[in-house]
Structures are given as C-alpha cells and as structure tokens.
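Chain by chain, the residues run as shown.
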Amino acid sequence: MQGLIADIDLVEEEKAEACDYKVSADEKFGAKKLYIESYGCQMNFSDSEIVTSILKEEGFGTTSQVEQADVILINTCSIREKAEQTVRNRLNYFRGVKKRNGEVTIGVLGCMAERLKSKLLEEEKIVDLVLGPDAYRDLPKLVKQAEEGEKGINTFLSREETYADIAPVRLNSNGVTAFISIMRGCDNMCSFCVVPFTRGRERSRDPQSIVKEASDLFNQGFREVTLLGQNVDSYKWSASENNKARLEKSNEDEIVSFANLLEMVAKVHPDLRVRFSTSHPKDITDEVLHTMKKYDNICKNIHLPAQSGNSRVLKLMNRTYDREWYMGRVDAIRNILGENCGITSDMIAGFCSETEEEHQDTLSLMDYVKYDFSYMFFYSERPGTLAAKKYEDDIPLEVKKRRLQEIMEKQREYSIKRNQRDVGKTFKVLVEGKSKRSDEQMQGRNSANKVVVFDGDYPKGSYLNVEVFDCSAGTLFGKVVA
Ligand code: SAH
Ligand code: SF4
Ligand code: F3S
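Everything in this summary refers to the structure shown in the same document. (Residues numbered from 1 in each chain as written. Chains lettered and ligands numbered in written order. Predicted model: local features only at pLDDT ≥ 70, side-chain atom pairs only at ≥ 80, totals over all residues. Heavy atoms only, no water.)

### Some remarks on the overall build of the protein chain
Across its full length, the protein chain carries 15 helices and 23 strands. Against the 2.2 N^0.38 benchmark of 23 Å for 482 residues, the protein chain shows a C-alpha radius of gyration of 22 Å, consistent with a compact globule. Overall size of the protein chain, expressed as C-alpha extent along the three principal axes, is 60 × 55 × 55 Å. Residues counted as buried form 59% of the 482 residues belonging to the protein chain. Expressed as a percentage of contacts within the protein chain between residues at least 6 apart in sequence, the contacts between residues at least 24 apart total 72%. Accessible area for the protein chain stands at about 19,600 Å²; split by element, carbon and sulfur atoms hold 49% of it. Distance from the positive charge centre (70 side chains) to the negative charge centre (78 side chains) of the protein chain: 1 Å. (Helix = DSSP H or I, 4+ residues; strand = E, 2+ residues; numbered from the N terminus. Rg over C-alpha atoms; globule rule 2.2 N^0.38 Å. Buried < 20%, exposed > 50% of the residue type's maximum accessible area, 1.4 Å probe, protein only. Contact = heavy atoms within 4.5 Å. Areas by Shrake-Rupley, 256 points an atom, 1.4 Å probe, with all protein chains shown as cover. Lys, Arg positive; Asp, Glu negative; His and termini not counted. Charge placed at Lys NZ, Arg CZ, Asp CG, Glu CD.)

### As for the pattern of salt bridges
The final tally for this structure, using the stated rule, is 43 salt bridges. Across the pair Lys144 and Glu58 runs a salt bridge, and its minimum N-O distance is 3.6 Å. Of this pair, Lys144 sits in helix H6 (residues 139-147) while Glu58 sits in the loop between helix H2 (42-56) and strand E4 (60-62); the two residues are 86 residues apart in sequence, bridging distant segments of the chain. Here Glu58 falls in the partly exposed class, since its relative accessible area comes to 36%. Ionic pairing is found between Asp393 and Lys400, a salt bridge with its closest N-O pair at 2.9 Å. Taken together, the salt bridges that share partners define one network made up of Asp47, Asp134, Arg184, Arg199 and Arg203. (Salt bridge = Lys/Arg side-chain N within 4 Å of Asp/Glu carboxyl O.)

### Re the pairing of strand E12 (residues 224-228)
Within E12, 5 of the 5 residues are buried, which leaves the element mostly enclosed by the surrounding structure. The alternating pattern of E12 places Glu224, Thr226 and Leu228 and Val225 and Leu227 on opposite faces, both of which are buried. Sheet topology note: the strand E9 (residues 177-181)/E12 ladder contains 5 bridges and is parallel. Counterpart to Ser181 in the pairing with E12 is Leu228. Sheet analysis places E12 next to strand E15 (residues 273-277), joined by 5 bridges and oriented parallel. Note that in E15 the partner of Val225 across the bridge is Val274. (Pairing = 2+ DSSP bridges.)

### Some remarks on the site of ligand 3
If you check the shell around ligand 3, you find 11 residues, and the closest are Cys41, Cys77, Ser78, Cys111 and Gln230. Residues of the shell around ligand 3, tallied by class, amount to 6 nonpolar, 4 polar and 1 charged. Mapped onto the domain boundaries, the shell around ligand 3 takes at least three residues apiece from domain 1 (13-154) and domain 2 (177-418). (Near = heavy atom within 4 Å. Nonpolar A, V, L, I, M, F, W, Y, C, P; charged D, E, K, R; others polar. Domains from an automatic or database assignment.)

Function cannot be inferred from these measures alone, as they are strictly geometric.
If you want it as structure tokens, here you go:
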C-alpha cells in the first residue's frame with residue numbers, strides 16, 4: 001500500500017486507499033476485549049501487533065466494536081501536527097464511549113505518548129495509561145493498575161528492546177503479506193524529524209529471530225514480508241557487540257549487514273517475496289543492490305526518500321547527502337537493477353528558508369528520477385527538533401501549500417508515465433485478494449510494488465502472470481495469461 005507512512009497528507013488518489021487507522025477486526029481469544037487503533041508508519045502498525053500479542057498472553061481477545069471493549073488503545077504518531085490532531089479528535093470520540101461505559105480503560109501508546117509523557121495525562125483526563133514504544137512489556141501491569149483506578153505511565157526508552165521474542169498477532173491480515181520489524185529507533189538527526197526523540201536510539205534485532213519469523217509466516221501461507229526500519233541500510237548485528245548467546249550458530253565476530261540479512265531472508269523460500277523500507281540515501285550500498293539483483297524474490301522497488309532536491313536545504317535538514325550524491329545513488333540503482341526497478345520518495349515542501357529556486361530544484365530532481373510514487377508533505381514544525389530550535393519556520397502556509405501542490409502535480413505526471421511504460425508488459429503478480437472496487441475483480445502487486453487489477457477468481461497467495469492493457473496513475477489493469 002505505501003512506503004513507510006499511512007498518514008493523512010497523502011496524494012489525493014492514495015487517500016482512498018490509505019488506512020488512516022486500523023482496528024483489529026477479528027474477535028478471538030479470551031474473555032476480556034481489546035480494541036486497538038493505529039496511526040502513523042508501518043512500524044507503529046507492526047508494534048500494535050506486538051502489543052496485541054502481549055495482551056493475548058493476559059487473556060485478552062480483540063474486538064472491532066469500540067463499545068464492547070474493556071481496554072481501548074490508540075497507537076499514535078507525532079510526525080506532523082496534523083497527525084497529533086487526528087489522535088486528539090479520536091480521544092474526544094473515546095470520551096463519549098467512556099461516558100457510556102465507565103469501566104473502560106483508555107491507553108495512549110506510541111510516539112505521541114513518548115513526546116508528551118505525563119502532559120498527556122494532564123491534558124486528556126480520560127486517558128488512564130501512557131506507554132512509549134519501548135515500554136509495551138509493562139502493559140499488563142499498568143492495565144491491571146488502571147482497572148483498580150490508578151493511572152500509569154512508562155515512557156522509558158531502551159537501548160536494547162527489540163521485542164525479538166514476541167510473536168506478533170497479525171491484525172487485519174490478508175494472510176498473504178506481513179511486516180517484520182528488523183530494528184527500532186533512529187540515530188540520524190534530520191533536523192525536521194521527531195522520530196529520534198520518540199523512538200530513541202537505533203538498535204538491530206538479531207537475525208535468527210527475523211529469519212524464524214519469516215519462515216513461520218511462510219509456513220502459515222504468507223507469501224510476502226516487508227522488513228521494517230527507519231533506516232534499514234544501517235541494520236547491523238554483531239555477535240560480539242550484541243548478546244552472543246542469541247546468535248548461536250554464527251561465528252563470534254561475524255557481522256550481519258543489511259545486505260547479509262536480505263540474503264538470509266530471501267533464502268527462506270523462493271516463493272516468499274521480500275520487501276524493505278525505508279532506505280536512507282546516505283547508507284544504501286551497491287552490495288544491497290547486487291543482493292537484490294541476485295534474488296528474484298527480493299522485490300525490485302526502493303523507497304528512497306529525498307526530502308528535497310536542493311543541496312543547501314538538504315544540509316539544513318541534516319540529511320548528510322547532497323543532490324549529486326542522491327542522483328549518484330539513483331544512477332547506481334538504474335545501472336544495477338535497470339529501468340524497471342520502482343523508485344519512490346518522500347518530499348517536504350517549504351522547509352525553513354527554502355527559496356523558489358530551491359523548490360524548483362526539488363521539481364527538477366523529480367524530473368531526473370521519474371519516481372513511481374511519492375509521499376508528499378508540507379513542512380510542519382515539531383517541538384524539540386533541531387529545526388525548531390535553530391531555524392525559523394518562515395515560509396507562509398499558502399506558499400508551502402502551493403509548492404506542495406506543484407510537487408504533487410509533478411508526481412502525478414510521472415506516476416502516469418511510469419505506469420504507461422508498463423502497458424503491454426507481462427508481470428508476475430502475487431494475488432492479495434478481491435479488488436477494492438469490485439468483487440468481480442482481484443488485485444495483487446508486481447515486483448515493483450504496483451497494484452495490478454484483473455478479472456477472475458484466484459486463490460490468495462498464488463502467483464499469476466498478468467499482461468497489462470491499461471493503467472491509471474495508481475493502478476495497472478491487466479488480464480491473466482498462461
Ligand atoms: N526514516 C524515514 C522517514 C520517516 S518519517 C526516512 O528517513 O526517510 C516519514 C516522512 O515524514 C519523512 O520521510 C518526511 O518526508 C516526513 N516528515 C518527517 N518530519 C516531518 C515534518 N516535520 N514535516 C513534514 N514532513 C515530515
Ligand atoms: Fe527521521 Fe531522518 Fe531518522 Fe528518517 S532518518 S526517521 S527522517 S531522523
Ligand atoms: Fe512512525 Fe509517526 Fe512515530 S511516522 S515512528 S509513528 S512519529
């Protein structure tokens with residue numbers, strides 16, 4: 001569906017498809033009922049599956065009916081002001097639920113919990129629990145306390161926690177595709193970004209537990225995994241630096257890089273597709289690109305957020321690469337993986353002091369790369385970030401919005417052009433289920449992560465060859481061929 005973000009500022013036509021929040025739809029396991037909603041990036045959605053697993057151990061089942069819940073959890077995002085406003089609106093809605101059902105416990109999890117800490121308890125009286133992203137093991141204890149009338153908070157950030165031993169309960173799953181968190185936190189300090197403050201220091205999860213999770217998913221019928229991290233290219237596991245005992249079969253000083261990990265997961269089974277997100281332009285190596293080339297089941301699609309096409313702005317953003325470096329990485333992708341490899345981006349319009357000429361550089365970078373898809377936002381100042389401390393948020397809102405509009409129009413042009421290139425081609429498509437728009441049609445994705453819609457009725461999780469005969473900016477339309 002998306003790169004790393006399922007958020008509210010998406011390009012127009014993706015809005016319909018993006019899932020702003022997710023409710024656990026199935027009703028199973030124990031007597032007490034958990035209702036959980038998630039906002040923000042895929043990592044947050046993945047965390048909700050860990051949280052559900054932790055509470056399942058305590059006898060909780062899930063419900064999609066908020067009025068029936070004993071515990072309501074909202075897993076929150078702080079990336080832009082609008083994301084936090086959405087959460088506040090949901091809390092207002094839950095206020096009504098609590099009025100009708102006084103017994104219910106309401107908890108705020110995730111990045112907003114981490115950012116606001118005890119302030120959340122002060123500001124939102126209906127909230128009983130506040131838990132940051134590294135504190136979920138404490139949930140059963142705090143839920144019990146809350147049931148006895150005591151509010152609870154844990155926003156401790158860990159240097160080690162990866163929840164490696166917890167088998168996530170897959171929520172709203174199509175049974176075909178799943179996320180696997182391979183690392184947590186972020187050590188980059190992009191000046192606009194709140195993530196290093198809400199998610200803490202970067203740490204990698206041990207490769208054995210990742211491979212096991214992928215292999216278990218394959219055995220359960222899943223056919224695609226997406227490896228998740230804020231900067232997957234800096235994944236690094238070293239037996240000597242990390243806990244040696246957990247890397248049983250490996251050499252003591254062996255270092256597992258992201259390229260090594262990709263290869264290990266690709267080898268689980270040739271019919272298990274592997275995707276990953278997000279790649280940082282400063283860290284993506286040729287070794288990763290060659291590993292992608294070597295394995296057919298590693299999907300040919302790279303989410304490589306540029307943020308801006310201007311070197312001065314990139315420097316202010318503290319992205320630690322410039323326009324030329326970024327173009328060089330795109331050239332390497334094209335040289336090693338060819339023109340058909342999907343490349344997608346995130347772009348920020350109207351960062352502090354950005355001039356019209358600098359904005360034009362973002363548009364011309366888009367002409368250079370010809371992205372298949374982008375997530376596009378206007379700059380939203382976040383309290384506590386480097387940019388908030390050092391730079392003035394001086395671009396008027398109308399100007400930010402106009403520049404964003406220009407970026408979106410440019411992206412739409414290239415989304416259509418890139419899809420038109422695919423008309424007449426045949427792709428191997430992994431069937432994900434019924435098409436969103438019609439029960440008569442099915443949909444799946446090709447290696448480049450494009451949604452392909454076709455007639456017929458085929459089992460979920462099967463691979464089909466589909467010849468594309470038409471397209472829109474967001475979808476390829478095809479027919480199944482032998
Ligand atoms: N780790 C990823 C991005 C995670 S945040 C990376 O480095 O690319 C997802 C996207 O949100 C970012 O890529 C950026 O485009 C956008 N974003 C982050 N902070 C923002 C802010 N303060 N205002 C507007 N957009 C922002
Ligand atoms: Fe934020 Fe930069 Fe880390 Fe991405 S790499 S999460 S943009 S600080
Ligand atoms: Fe993700 Fe939003 Fe947190 S993008 S890491 S949920 S601030």
